[in-house]
Amino acid sequence: MAMVKTPQPTSRRGFLTRLWIGLGVVAFLQILATTVLSLLSGRKRSQTGQDQIIEVGKLSDFPPGSVTFIALGHLYLCHLDTGGFLAISRKCTHLGCAIPWVTERKQFECPCHASVFDITGKVLKSPAPRALDLYPISFKRNQVTINIGKSIKRSTFKTEQLAHPQELS
Amino acid sequence: MTSHFLLHFRPKRIPKDALRFTLTWGLGGMAALMIVQQLFSGVLLGFFYEPHPVQAYESVQHIQSKVFLGQLLRNLHHWTGHALVIVVFLHMLRVFVSAAFYPPRHWNWLVGLGLGLLVLIANFSGYLLPWDQLSYWAVTIAISMLGYIPVLGMGLQNIIRGGEELGAATLQLFYTIHTTLIPLALALLMVYHFWFVRRAGGVLLSPAKKENTVETTKREYVSFAPELLVREIAFAAMVSCALLLFSMLVNAPLGNIANPALTPAAVKAPWYFLGAQELLLHVPAVFAVFVVPLVLVLFLGLIPFVGQKNGEPSPLVKFLFYGTLALLVGLTITGIWFRGPGMQLVWPW
Ligand code: FES
């Protein structure tokens, strides 16, 4: 038996109910949007993306083979034996713990889940999924400056990531 | 007026069977009591707490050393918060065992899941507030887990932290959520949860298949007051006493002040996330922090709507439910007690 669908006229009551529900949803969305927008705009202070250049010292302060912790930038400035600088974030790429540089073994060792990284930030032992983040380095006259506003994600170490003072000075 | 209001939640007369303690083990009531208690102790703590990185830690110290009964107050809030997570979990387990989530109770199961989630968020957002090494790094790890969610993860992480690392912005967000949004949402949903139980005819007396056949006229009825009321008051007093006693004996931990430059050894996420953290060591990250939790929540949400057999979950649903829970509990226990520094497997003794 075929069913014949007759269009049901909406009663006034039904229409009003739907109207109220609709208005309620709109009101909720408004509140949600306002909240999200205000959160996004108001809490930008420590947001990344903007340049934030810090001077960390003279070139001669960082001899080849040295790893220096730069407290202000939460990073390590590494000068490789083979030449070239890297500004390496101290934040473990696994779950964000702060990694200390262990001088005796010349590597970064995470206290949380035992990830190990070499002086270039490359993963030597998982669970860390990728190499430690980098920050751009530049050399102005004899000064080393680092842009701590821009962190660079990378999967592993490549020689082109190294910053060389002679090229620029 | 008051009695009219209360009648929305409790009828004047209730079936005698509803008095049986093993019907519910008092878990839902216990959770409600604890939530109300948290509201009160939370307000008292709020009088002294300052949500800013350095002051936060000092104000917690102040509460513990200077405020009258402050240490006890903080202990109570701390331990009740953790116990609440367990009680809510057990409550859900009990409701599943007695299959009390089929229509007309199906929506209330979803409300209950929402409440459970809120309790988790409440605990997690409160976790950071003392701003000591423990809380700082536990929350760091937990938020970092979000980073493994595809596409949205990194952005979400930065919004929650308000930057690359935990700081004043994070603390303020957590504080506001913990002290306004969560209590409000909990209170509203809780009222709804209780009212819904009442509307569905009180607690489920026996699995649905039998309930329909027993003639309701044959049932013996007793009056709510005093029969059920005294039992509830006695039980509430017992639970409160137990929490108070525990809080008098065991202090809530407070480590050194948070130091973003130094991660203490053997730091872990809050214990209820250790299941996920443990999973993270065994399966690809996307699964551990995204796929598995999502599937779990969806599965729990769908339970009232699928696989029903004579008012009971089908064997498959039961198998999946108990299997998942066993796995979750197993992983969590491993994460809590069997992982030492550097996530090495260790014996807890
Ligand atoms: S946070 Fe470094 S290994 Fe997990």
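Our structure's up above, just so we're on the same page.
This write-up is about the structure you can find in this document. (Residues numbered from 1 in each chain as written. Chains lettered and ligands numbered in written order. Predicted model: local features only at pLDDT ≥ 70, side-chain atom pairs only at ≥ 80, totals over all residues. Heavy atoms only, no water.)

### Here we look at the pairing of strand β2 (residues 67-70) of chain A
Residues and elements named next belong to chain A.
Working step 1: Bridge count between β2 and strand β3 (residues 75-79): 4 bridges; the pairing is antiparallel. Bridge pairing in β3 links Phe69 to Tyr76.
Working step 2: Turn length for the β2-β3 hairpin, with the two strands adjacent in sequence and antiparallel, is 4 residues, and the turn residue His74 shows positive phi of about 55°. (Pairing = 2+ DSSP bridges. Helix = DSSP H or I, 4+ residues; strand = E, 2+ residues; numbered from the N terminus.)

### Notes on the sheet that holds strand β11 (residues 143-147) of chain A
Residues and elements named next belong to chain A.
Working step 1: Strand order across the open sheet formed by 3 strands is β1-β11-β10, with antiparallel pairing between neighbours. Each of the sheet's edge strands pairs with one partner strand only, and the pair in question is β1 (53-58) and β10 (137-140). Ignoring strand direction, the axes of neighbouring strands in this sheet form an average angle of 30°.
Working step 2: Both β10 and β11 contribute to a ladder of 4 bridges, which runs antiparallel. Directly across from Phe139, in β11, lies its bridge partner Val144. (Axes fitted to C-alpha atoms, helices over the stretch in contact; angles between N-to-C directions.)

### Re the interface of chain A and chain B
Working step 1: Each side of the interface is counted separately: chain A has 25 residues, and chain B has 31 residues.
Working step 2: When the two sides are added together, the surface that chain A and chain B hide from each other amounts to roughly 2200 Å², 53% of it contributed by carbon and sulfur.
Working step 3: A salt bridge links Arg90 of chain A to Glu165 of chain B; the nearest nitrogen and oxygen atoms lie 3.2 Å apart.
Working step 4: At the boundary of chain A with chain B, the tally comes to 9 residue pairs in polar contact (both at pLDDT 80 or more).
Working step 5: Among the residues making up the side of chain A that touches chain B, the classes are represented as 10 nonpolar, 9 polar and 6 charged. (Contact = heavy atoms within 4.5 Å. Buried area = accessible area lost by both parts, 1.4 Å probe. Salt bridge = Lys/Arg side-chain N within 4 Å of Asp/Glu carboxyl O. Polar contact = N/O pair within 3.5 Å; in protein donor to acceptor, adjacent residues only side chain to side chain. Nonpolar A, V, L, I, M, F, W, Y, C, P; charged D, E, K, R; others polar.)

### Some words on the side chain of Ser125 of chain B
Residues and elements named next belong to chain B.
Working step 1: Secondary-structure assignment places Ser125 in helix α5 (residues 106-127).
Working step 2: Here the side chain of Ser125 touches Ala122 through a polar contact of 3.1 Å, landing on its backbone oxygen.
Working step 3: Discounting chain neighbours no more than four positions away, the residues touching Ser125 are Phe174, Ile177 and His178.

### Concerning helix α4 (residues 70-97) of chain B
Working step 1: The first and last C-alpha atoms of α4 of chain B sit 40 Å apart over 28 residues, in line with the 40 Å expected at 1.5 Å per residue.
Working step 2: At the exit of α4 of chain B stands Ala99 of chain B, carrying a positive phi of roughly 50°. (Expected span 1.5 Å × (residues − 1).)

### Considerations on unusual backbone geometry
Working step 1: Put simply, Ser126 of chain A and Pro127 of chain A share a cis peptide bond, and its omega is 20°.
Working step 2: Positionally, Pro127 of chain A belongs in the loop between β8 (123-125) and β9 (134-135).
Working step 3: Cis geometry is found at the peptide bond from Pro103 of chain B to Pro104 of chain B, where omega equals 10°.
Working step 4: Tracing the chain through its elements places Pro104 of chain B in the loop between α4 and α5.
Working step 5: A positive phi angle, near 50°, is found at Arg141 of chain A, a position not held by glycine.
Working step 6: Mapped onto the elements of the fold, Arg141 of chain A is located in the loop between β10 and β11.

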